[in-house]
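Residue-level structure breakdown
Listed below are the residues making up each chain.
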Amino acid sequence: MSDIQSALRETAKKLLTEGTVTCVIGWGETRFPDKTTPIFVKTPEDAEKLVWNAHCVCGLAKYMLDNRCPEGKLAICVRGCDSRAVNRIVEDKQYKREDLYLIGLPCEGKDAPICATCTHRNPVVYDVLLGGPVPEIEVSQEDRFQAVTALEGLTPAEQYDYWQKQFSKCIHCYACRNACPACNCTECYADQYRVGWQGKQIDKAENQVYGLTRAFHVGDRCIECGECERVCPMGLPIMSQTRKILKDINDLWGNYECGLTDSRPHILGEFDLSDRDDFM
Amino acid sequence: MQLKRENLIPALRLLAAQGEILVPTAVDEKVSKFAPWDGSSAPDLALVNTTLPPKDTLFPHQEGMYRYKTAGEPSLEEIVEAPARILFGVRPCDARSIDCMDKVFLGDKYEDAFYARRRANVTVIAHTCAQTGPTCFCDSMGLSPAEAPSADLLLSDTETGWLVTAQTEKGEAVAALWKDLTAEGGEAAPAPACTLKTNMSDALAGTLVSRFEDPIWDEVCHACLGCGTCTYLCPTCYCFDINHEDHGGEGTQFRCWDSCMFSDYTRMAGGHNPRPSKKERLRNRYLHKLAYFKERYGQILCVGCGRCVGHCPSHLDITAFIDKAAERFGEGK
Ligand code: SF4
Ligand code: SF4
Ligand code: SF4
Ligand code: SF4
Ligand code: SF4
């Protein structure tokens, strides 16, 4: 058993025994050796069920939103991406930082494709850090935006065909939305279909409406955790859309990454009277 | 009778004259489904469980029901679509799922005209599983990887091809069509066993309903994200919603899949939701799969295909739930 895993169990046990928190969200075993599942530990004895290994891939921060008005503190295990997701949700004013206790876990990369371009493997916010920081990997802007650049190289007609083919696979399961920490509205526009914003039809138009709306609703707030692509059962490369928006912001205003603090205004949500409007 | 491997393409060509053949097809490196046969290449019969089940053929994800006009002379026209199709290479679990859907849509009291028309024109050719996948557990759910009793025709692997067993009139017609391509001989390979096992039993199915208020539902629900993955990939989920697309004075009434895991599934007109959280929603899915359907139709609605187990974003596992429930309620086999 790894030292970090033992330390994690000890920490969770202590937090629950002393009543500092009411629940610890972490990862636990499944019956498959290559999969773990989010678990919600509420008693000191159950702290033994927590695991820390290469298969801890599921994002945990989103579960805070199951109860937006908590009584008592909630502890969450945070890797780099989870910590940025927490910042995302706190910055979006969906949860109070003081209602959280963050167990920081420096992460050496998990069994998920996104980890190859992760720029913050160490938690950016935490209350306790288990184990020393891990070295960050060098991720150039070229690597970060490689999938986007490849698509930008296509002609508009080719790009349309590409996305057309991808969107034709979408089954409106909304796993990408439900896993995304930037998707934190109490009620999604897509669920208000009687209003007519999002049709339930599985066709060219409605599939694209969902894809594009999702991308624009989260684009400038995306923390690049990769959950949307990991969970999509149809394998849609939807992170290329949010990363396209991030890349454009990067090109226009310099390096832009989300979720590094909990108080940075998001760029497309800002309005200022002195904004340039020479395009009007 | 045996169909030799080298006769597969000629056999499919003969079949193609009878209708559109849908075969297991890899759409890309991540997704596979039943798609029209290309007319020349051998279908990938080693694909253990396509990502999407074949249910779309009988119960389309979206299906037009009526065209209407309200402007001028009002009119209503039923949309009739029932192409002749042959589902080829259906796994035993998926073959059973069609049987489950038949129970619902072709019931004694109610017959769904849209489903019935499509169903009448679909022939199901099943194929036994030479190997099973890591999430397959059909043999714990009363099925066998080597049998598909409700399919029209069954192809069982032999060393050099497939044994052809007609099981219905439609199946006999196919066997007759293949008369010159098949010959005596061949021995079916023994059925493999599923690696994933679970302790499902009739007794447990009966007990679960009475445990509606047990803390078990709260214990198992928290990791669920409330997405539509498990129900949309499930071969037996048959819920739908009806809606219309209106273009000012004329339009189409259509139905499309719906999922009990979505929050709006039970939301009522006044805004009240009797299944307000993931606990009630997951409980409904598990109870429908494992108990309610059996009460009404005499069989379990989970066929053990393992799709929900393999694709759940949070790695929830219905077999883990079954075993936990069997242990707690003492109703194991
Ligand atoms: S859009 Fe995708 S990568 Fe970005 S925050 Fe949401 S889930 Fe993570
Ligand atoms: S997860 Fe994939 S299939 Fe599901 S709604 Fe999102 S893009 Fe569509
Ligand atoms: S696929 Fe998993 S997360 Fe999604 S609704 Fe089903 S059980 Fe919940
Ligand atoms: S509940 Fe899961 S394993 Fe059972 S039939 Fe549906 S998808 Fe397959
Ligand atoms: S109620 Fe849920 S589990 Fe049952 S068929 Fe409908 S979607 Fe599937």
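Quick caveat: nothing in here was measured; it's all calculated off a predicted structure. (Residues numbered from 1 in each chain as written. Chains lettered and ligands numbered in written order. Predicted model: local features only at pLDDT ≥ 70, side-chain atom pairs only at ≥ 80, totals over all residues. Heavy atoms only, no water.)

All names here are of chain A. Each domain of chain A was delimited in the assignment, giving domain 1 (2-129) and domain 2 (141-269). Taking only C-alpha atoms into account, the centre of domain 1 sits 25 Å from that of domain 2. Between domain 1 and domain 2, the residue contacts involve 22 residues of the former and 30 residues of the latter. In this assembly, domain 1 packs against domain 2 so that about 2000 Å² is buried in total across both faces, 50% of it on carbon and sulfur atoms. Among the residues of domain 1 in contact with domain 2, Lys 62, Arg 84 and Arg 88 are the three that bury the most area, contributing 31% of the side total. Counting across the interface, domain 1 meets domain 2 through one salt bridge. Between Asp 92 and Arg 221 there is a salt bridge whose closest N-O contact spans 2.6 Å. Counting across the domain 1 and domain 2 interface gives 16 residue pairs in polar contact (both at pLDDT 80 or more). (Domains from an automatic or database assignment. Contact = heavy atoms within 4.5 Å. Buried area = accessible area lost by both parts, 1.4 Å probe. Salt bridge = Lys/Arg side-chain N within 4 Å of Asp/Glu carboxyl O. Polar contact = N/O pair within 3.5 Å; in protein donor to acceptor, adjacent residues only side chain to side chain.)

Residues and elements named next belong to chain B. All of the buried residues in helix α1 (residues 8-16) are Leu 8, Ile 9, Ala 11, Leu 12 and Leu 15. Each buried residue of α1 sits inside an arc of 160 degrees when the element is viewed along its axis, so together they form one side. Where the residues of α1 are buried, they touch β1 (2-4), β2 (20-26), β6 (85-90), β7 (122-127), β9 (161-166) and α4 (169-177). (Buried < 20%, exposed > 50% of the residue type's maximum accessible area, 1.4 Å probe, protein only. Helix = DSSP H or I, 4+ residues; strand = E, 2+ residues; numbered from the N terminus. Arc of directions from axis to C-beta.)

Our focus in this paragraph is the interface of chain A and chain B. Across the boundary between the two partners, chain A contributes 33 residues, which contact 43 residues of chain B. Together chain A and chain B conceal approximately 3000 Å² of surface at their shared face, both sides included; 53% is due to carbon and sulfur atoms. Where Lys 278 of chain B meets Asp 66 of chain A, a salt bridge forms, and the shortest distance between an N and an O atom there is 2.6 Å. Connecting chain A to chain B are 17 residue pairs in polar contact (both at pLDDT 80 or more). Elements with a minimum of two residues in the side of chain A that touches chain B: β2 (36-41), α6 (175-179) and α8 (227-231) of chain A. Examining the composition of the side of chain A that touches chain B, we find that four residues originate from one element, β2 of chain A, more than from any other. Partitioned by chemical class, the residues of the side of chain A that touches chain B number 16 nonpolar, seven polar and ten charged. (Nonpolar A, V, L, I, M, F, W, Y, C, P; charged D, E, K, R; others polar.)

Outside of glycine, negative phi angles account for most residues, and trans bonds account for most peptide bonds. Residues and elements named next belong to chain A. Of note, the phi angle at His 172 is positive, near 55 degrees, even though the residue is not glycine. By secondary structure assignment, the location of His 172 is in the loop between α5 (156-167) and α6. The exposure class of His 172 is buried, given its relative accessible area of 4%.

Residue and element names in this part refer to chain A. Taken together, the residues surrounding ligand 1 are Cys 180, Arg 214, Val 218, Cys 222, Ile 223, Glu 224, Cys 225, Gly 226, Glu 227, Cys 228, Met 239 and Thr 242. Only α7 (204-218), α8 and α9 (239-253) provide two or more residues apiece to the shell around ligand 1. Taken together, the residues of the shell around ligand 1 break down into seven nonpolar, two polar and three charged. (Near = heavy atom within 4 Å.)

All names here are of chain B. Looking at where Asp 214 falls in the secondary structure, it is placed in the loop between α5 (202-210) and α6 (216-221). On the basis of relative accessible area, Asp 214 is assigned to the buried category, the value being 17%. At 2.9 Å, the side chain of Asp 214 forms a polar contact with the backbone nitrogen of Ile 216. At a separation of 3.1 Å, a polar atom in the side chain of Asp 214 contacts the side chain of Arg 328. Dropping the residues within four chain positions of it, Asp 214 is found in contact with Arg 328 and Phe 329.

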